[in-house]
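Fold and geometry: a report
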Amino acid sequence: MNVEERIETMDLLRKGKFKEKMDEEAVDFTSSMDFDQWIFLHDLNVDRVHLLMLKKQGIINENTCREILKAIDMVEKEGFESLERMEDVHIAKETKILEIVGELGGALHSGRSRNDEVATCLRMASRDSLLKIFSSLLKLREVILEISKENLETLIPGYTHLQHAQPTTLAHHLLAHASALRRDAERIKECFRRVNQSPLGSAALVSTSLPIDRNFTASLLGFDSIIENSMDAISSRDFALECMGVCSNLMISLSRIAEELILWSTSEFQFVKIGDAYVSTSSIMPQKRNPDVAELIRAKCGTVIGSLISSLSIVKSLPLSYNRDLQEITSHLERVLDITEKSCEMLARMLRSCEFNKERMKEEAEKEFTTATDLAEFFVMRGIPFRKAYQIVSKFIAEGGDFESLKELMRQELGKELMSEEEFQELMKVDGSIERRGNGGPSRSSCLKMIENERRALEEDRKWFEEKKKKIESSLKNLRRLCEEVVK
Ligand code: ARG
């Protein structure tokens, strides 16, 4: 092949500029095609809206717009797999459009760069994933509230340092997780607000001299607003880092629940039996019920955190504006969003399958003087400074914990018997201890109040989700309708 022929066979960007094709290995090394499938359909919608805008602004004529729109439909029909493996989906798709439409197809990229194109696609893919995660999180929170409602009086030891601390109820324990998950949902909503802004029209970095309309494209793509500064729009990835940060927090919440299910399903605890559908068994030990789903949620949390750290490190110190380094974040972002959604979904299903062993939990809740603090607090209510009361109860427990020794201690330390045996017996009862707890504690009434508050938040979140979903869907439907009007 002579130089002229070689130049002719080059891709649309290199033709006429370089004397050599890119090294095959270098193409492979730099290509984002492996993870661009995630943004393929979004990219086609970005093309569509951009074309409609170019036509509306009189930058291209109706015929050009129609021919390219038709080609885009064909590319969509043939699918991502039919694209040639090139530098990225944007070039591969544009090449295909040029093959179909001919030179006219070149009008598509007027006033645009891959820099604003990819940033727009990534934001569209991320917002969809955030909504999916939000939806499975709604499901998980619902399951937790259901189980809590069923277990308002189910005793369970409360732990600190994984040592029996004070008795509580399963409802109280699970509602703690529900509160954390509600905050995770709040973080998704906050993050969504910053993700759903359009960079489109920023072109390479300083916008374009063509008279484009950024608000038109933003609105048809379902964005809430545009990102004003064109350099910021194409070079910032804090939205991606934030998505991964939010997901990391959520995955940590999930992994802590997963860890408890793993622990509680051991023969040492026997607090819970995870449903058959969510355990696996051993290839050699027929008796085994392994909590693999929970273990993998716990492990995937590590993967997600790893991706966040990788991405933070990639963006750190990058000079403005676009650098190809940014491409390296895409696979992390996609992986994190995907793992988080699936983990939420799996945990919701697995939790629903759990059978809690109330007898075992009660048995453990009643062990080891877990109501000792109640005894000390009784003395406090009789005017004894807490530290003094604490020391009396400590000694009493060290001496074996029967009432006679407490009586003796009261006489020695307080000079009078402030507690009758009846009162003592009452204070030792675990269910009584629970009902004595105040606001936010495990008493039935305070757990019911927490369930009610969580339910209210859940309803509000459901509304938020429906609104956001509907807005995006109807914008994109509108876009398709406007395209059809041109193509017909
Ligand atoms: N594949 C690239 C990415 O993901 C698209 C943008 C390329 N822009 C460029 N100037 N090379 O970031």
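Up top you'll find the structure we're talking about.
These remarks concern the structure in this document. (Residues numbered from 1 in each chain as written. Predicted model: local features only at pLDDT ≥ 70, side-chain atom pairs only at ≥ 80, totals over all residues. Heavy atoms only, no water.)

So, about the site of the ligand. Surrounding the ligand, one finds S32, D88, H90, R114, N115, V118, Y322 and Q327. At a separation of 3.1 Å, a nitrogen atom of the ligand approaches a polar side-chain atom of D88. A total of 350 Å² of accessible area belongs to the ligand in isolation, and the protein chains cover 87% of it. Within the shell around the ligand, the residues separate by chemical class into two nonpolar, four polar and two charged. (Near = heavy atom within 4 Å. Polar contact = N/O pair within 3.5 Å; in protein donor to acceptor, adjacent residues only side chain to side chain. Areas by Shrake-Rupley, 256 points an atom, 1.4 Å probe, with all protein chains shown as cover. Nonpolar A, V, L, I, M, F, W, Y, C, P; charged D, E, K, R; others polar.)

This part takes up the packing of aromatic side chains. Going through the model one piece at a time under the given rule, you end up with twelve aromatic pairs. Their ring planes at 15 degrees and their centres at 6.5 Å tell us that F134 and F465 sit as a pair that is stacked. A residue pair is termed long-range when its members are at least 10 positions apart, and F134 in helix α6 (residues 114-150) and F465 in helix α19 (residues 444-487) qualify at 331 residues. Residue F134 shares its accessibility class with F465, and that shared class is buried. Pairing Y159 with F269 gives two aromatic rings, centres 6.0 Å apart and planes at 55 degrees, and the pair type is tilted. Of this pair, Y159 sits in strand β1 (residues 155-160) while F269 sits in the loop between α10 (238-264) and β5 (272-273), and the two are 110 residues apart along the sequence. For Y159, a relative accessible area of 22% corresponds to the partly exposed category. Judged by its relative accessible area of 15%, F269 is buried. An aromatic cluster is built from F134, F192, W464 and F465, whose rings are joined through pairwise contacts. Above the ring of F223, the side-chain terminus of R127 is found at 4.9 Å from the ring centroid. (Phe/Tyr/Trp six-rings, centres within 6.5 Å; stacked < 30°, edge-to-face > 60°. Helix = DSSP H or I, 4+ residues; strand = E, 2+ residues; numbered from the N terminus. Buried < 20%, exposed > 50% of the residue type's maximum accessible area, 1.4 Å probe, protein only. Lys NZ or Arg CZ within 6 Å of the ring centre and 35° of its normal.)

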